[in-house]
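The residues making up each chain are set out below.
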Amino acid sequence: MADYHLEASWSPVEGSPGRLTLTLFNLSPEPLSGFSLAYTSPTRVADTYVCHGASLTRQVANFHEFQPPEGLSIAPGGHWRFTVEGLADEPKHRTDGIRSARLTLDDGRRVAIGFGDLMLESRDGGVSPPLLPPGRVDEPYALLPWPLSLALKAGNLPVVLYPAERTRPDTIKALSLVLALYQRLYPADDAPFSLVAVKGGRAIRFVTESSIAAFAYELRFSAHEVVLSSADAAGRQYGLISLAQLLHGARADRERFQFPNFGTIADQPRHEWRGCHLDVSGRFYPVADVMRLIDILAWNKLNIFHWHLTDDEAWRLEIKAYPQLTETGAQRGPDGALMPEFSDGSEASAGHYTQDDVRRIVAHAGFLHVEVLPEIDIPGHSAAALSALPDLADRQEPPGSYRSPQGYANNALNPAVEFTYEFLGKVFDEMAALFPSAYVHIGGDEVAHEAWRSSPACKVLMKREKLAGTAELQSYFLKRIRTMLSKRGRKLAGWNEVSHGGGVDRDGTLLMAWERPELGIELAEDGYDVVMTPGQAYYLDMAQAQAWSEPGASWAGFTPPERTYAYEAEAELPEALKGKMRGIQACIWSGNIASRAQFNRLVFPRLPAIAEAAWTPLARKDWDRFAAIVRMWPML
Ligand code: ACM
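Residues numbered from 1 in each chain as written. Predicted model: local features only at pLDDT ≥ 70, side-chain atom pairs only at ≥ 80, totals over all residues. Heavy atoms only, no water.

If you look the protein up in an unreviewed UniProt entry, it shows as beta-N-acetylhexosaminidase from Rhizobium esperanzae. The record held by UniProt for the protein lists under Sequence similarities (unreviewed entry) the comment "Belongs to the glycosyl hydrolase 20 family." As recorded by UniProt, the Catalytic activity (unreviewed entry) comment attached to the protein reads in full: "Hydrolysis of terminal non-reducing N-acetyl-D-hexosamine residues in N-acetyl-beta-D-hexosaminides." (UniProt positions renumbered as here; feature names shortened; annotations may be inferred.)

A separate point is the nonpolar core. Core analysis: the largest hydrophobic core is formed by 147 residues, its most contacted members being Leu-243, Trp-307, Phe-428 and Leu-607. Contacts of Leu-607, omitting those with residues within four sequence positions, involve Cys-276, Leu-293, Ile-296, Leu-297, Leu-302, Leu-540 and Ala-586. Formed by 30 residues, the second largest nonpolar core is a distinct cluster that contains Leu-24, Leu-32, Trp-80 and Val-84. (Core = buried A, V, L, I, M, F, W, Y, C linked by side-chain atoms within 4.5 Å. Buried < 20%, exposed > 50% of the residue type's maximum accessible area, 1.4 Å probe, protein only. Contact = heavy atoms within 4.5 Å.)

This model, assessed by the stated rule, comprises 32 aromatic pairs. Residues Tyr-186 and Trp-299 carry aromatic rings whose centres are separated by 5.6 Å and whose planes lie at 65° to one another, so their mutual orientation is edge-to-face. Here the residue Tyr-186 occupies a position in the loop between helix 1 (169-185) and strand 15 (202-208), and Trp-299 occupies one in helix 3 (residues 287-299), the gap between them amounting to 113 residues. Each member of the pair, Tyr-186 as well as Trp-299, is classed as buried. Aromatic pair Trp-623 and Phe-626: ring centres 5.7 Å apart, planes at 25°, arrangement stacked. (Phe/Tyr/Trp six-rings, centres within 6.5 Å; stacked < 30°, edge-to-face > 60°. Helix = DSSP H or I, 4+ residues; strand = E, 2+ residues; numbered from the N terminus.)

As recorded in UniProt, the feature "active site" (unreviewed entry) lies at Glu-446. Within the element layout of this structure, Glu-446 appears in the loop between strand 26 (439-443) and helix 8 (456-465). Setting aside residues up to four positions removed in sequence, Glu-446 forms contacts with His-381, Pro-405, Gln-406, Glu-497 and Trp-514. A distance of 3.1 Å separates the side chain of Glu-446 from the side chain of Gln-406, its partner in a polar contact. (Polar contact = N/O pair within 3.5 Å; in protein donor to acceptor, adjacent residues only side chain to side chain.)

This part is about the pairing of strand 17 (residues 225-230). Among the 6 residues of strand 17, 6 are classified as buried, and the element is accordingly described as predominantly covered. Burial of strand 17 is two-sided: the residues Glu-225, Val-227 and Ser-229 facing one way and the residues Val-226, Leu-228 and Ser-230 facing the other way are all buried. In this sheet, strand 17 lies alongside strand 15 in parallel orientation, the contact comprising 6 bridges. Looking across to strand 17, one finds that Ala-203 is bridged to Glu-225. Pairing of strand 16 (residues 217-221) with strand 17 involves 5 bridges; the strand directions are antiparallel. By the bridge assignment for strand 17, Phe-221 is matched with Val-226. (Pairing = 2+ DSSP bridges.)

Let us now look at the sheet that holds strand 7 (residues 63-67). Strand order across the open sheet formed by 5 strands is 6-7-4-10-11, with antiparallel pairing between neighbours. Edge positions in the sheet fall to strand 6 (55-60) and strand 11 (110-112), since each of these pairs with one other strand and no more. Strand-to-strand, the axes of this sheet are offset by a mean angle of 20°, without reference to chain direction. Where strand 6 lies against strand 7, 5 bridges are found, and the strand directions are antiparallel. (Axes fitted to C-alpha atoms, helices over the stretch in contact; angles between N-to-C directions.)

Another point: the environment of Ala-609. Residue placement: Ala-609 occurs in helix 14 (residues 606-615). Along the backbone, Ala-609 and Pro-145 are 464 residues apart, and their C-alpha atoms lie at a distance of 8.4 Å. The residues contacting Ala-609, other than those within four sequence positions of it, are Pro-561, Thr-564, Tyr-565 and Phe-626.

Okay, structure coming up:
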């Protein structure tokens, strides 16, 4: 039970992002005086603001610290109220208020404070419509993503499926792997497969068929066996997952779903790149959670796990050459180099992945035909790295000479500091040894417009290299990064801003269009390979309805699951450029996620919706069928 409680409410003010009112309740038996109050909130105080009843003493991104007026004492049961006008953005949802809060008492002790949702003063916030209808199926098969083509007749439900006699050991191993996947996802349910023949079960006969496309599979059903044909191990695995899904649906909802005993499924993915990104910087996910998310990706036939390992808020990847990165750069707390952010509690928070953790995760993903795409977000979003390794900064650059969109001062690696490249060289060496992926994602997003302009070292570099400003400095930096990756046999992937200021060599470079869908066209026209990750459809941190009560972020609007499902990235591109589009990807930014429950509320069912859009051709998409099946699908 917290002895103190902080309430925040917001009211609109004509011509501005409005006013926050904060009220601290003293629920303790003692008077409260000589304290300071700190909280984190995505509704940041702007550079120019007016605060009545308190003074803002410190702010780093969404961390704020306030001092009450001199001599203030709050009696037991009493409260203290102050207001702030001058906010960086207008809040849109109840989750835009306090995310964590703490008091520093007069004896130096820190105590956590309870807090509630951001309350809306003086207007109705509306109500959310239902986000997922009950659903309806025309064909009684629980397959998600839905296959390319299917012509089936339903029949008796086999008790289990087992490998036919003389199945090769590697194929039995593949079956046991999908069985283990199923058991992790549905630990309370009956196993779909057995390695031995069982009465009442049905045999699976495996056929290697080189005429079938890569990643594709065919299932032929009869009353006595199922024939699974594929050209490769990935196709075989997708076929086995389809069989497990069919059996799961037929057992879990007998009213709606059945198992086929006649006919064919011929299936293959629509897009080669079917990704899901996870930001582990804003919030740390233990290894078991990362593994489980990868299990969920595999179940939904997604094949890329884009692991956003570093950001302003933390550097999560162990680098042996620079242990400070995770010793200092993955620790947040009131006494650390990094302030508490988002939903950090009153204690310090920490977490990183050791190289052994990474090897385990990459191996786990590999078994499931999921490729891990590692990201270190540079040159922007580097506050954590810069706080761990201060030599990365140009010490002559005035502090606070620019601020990132999230409010971090001077948070970009400096292209004119040679140590930047020495540092990144060692980081890339270790990453190349850990991650077998063809690409390394280097971020490239949201470098502040004013970045580096006050850095004397950058001024010299700009003159020497005839670079006009921030964007051209960024391009200079990224070209060197691209060369460094090439030397290590890796291609460059990045966010859409990599193209700014002249960009980098297009050959083999893959960019993710996140800010607006139209950027995908511009990037493809410019010669880049493109993955579509528009915030307006595929950012799973966005709220799912306009209502104030709906949790989530709002910079890209709100995205109901049906809109995510219906969104057609391919429709953005003219026919001639479609070949440049490699696929689509969900992005899970973690600033809005304080718990597993909130993760599940935001991520599902939109993640399986993207999985179906990534796999199933437009003509076969069906929102009602999706809604009927997805309610049986696993969450984190
Ligand atoms: C991004 O959302 N900054 C890529």
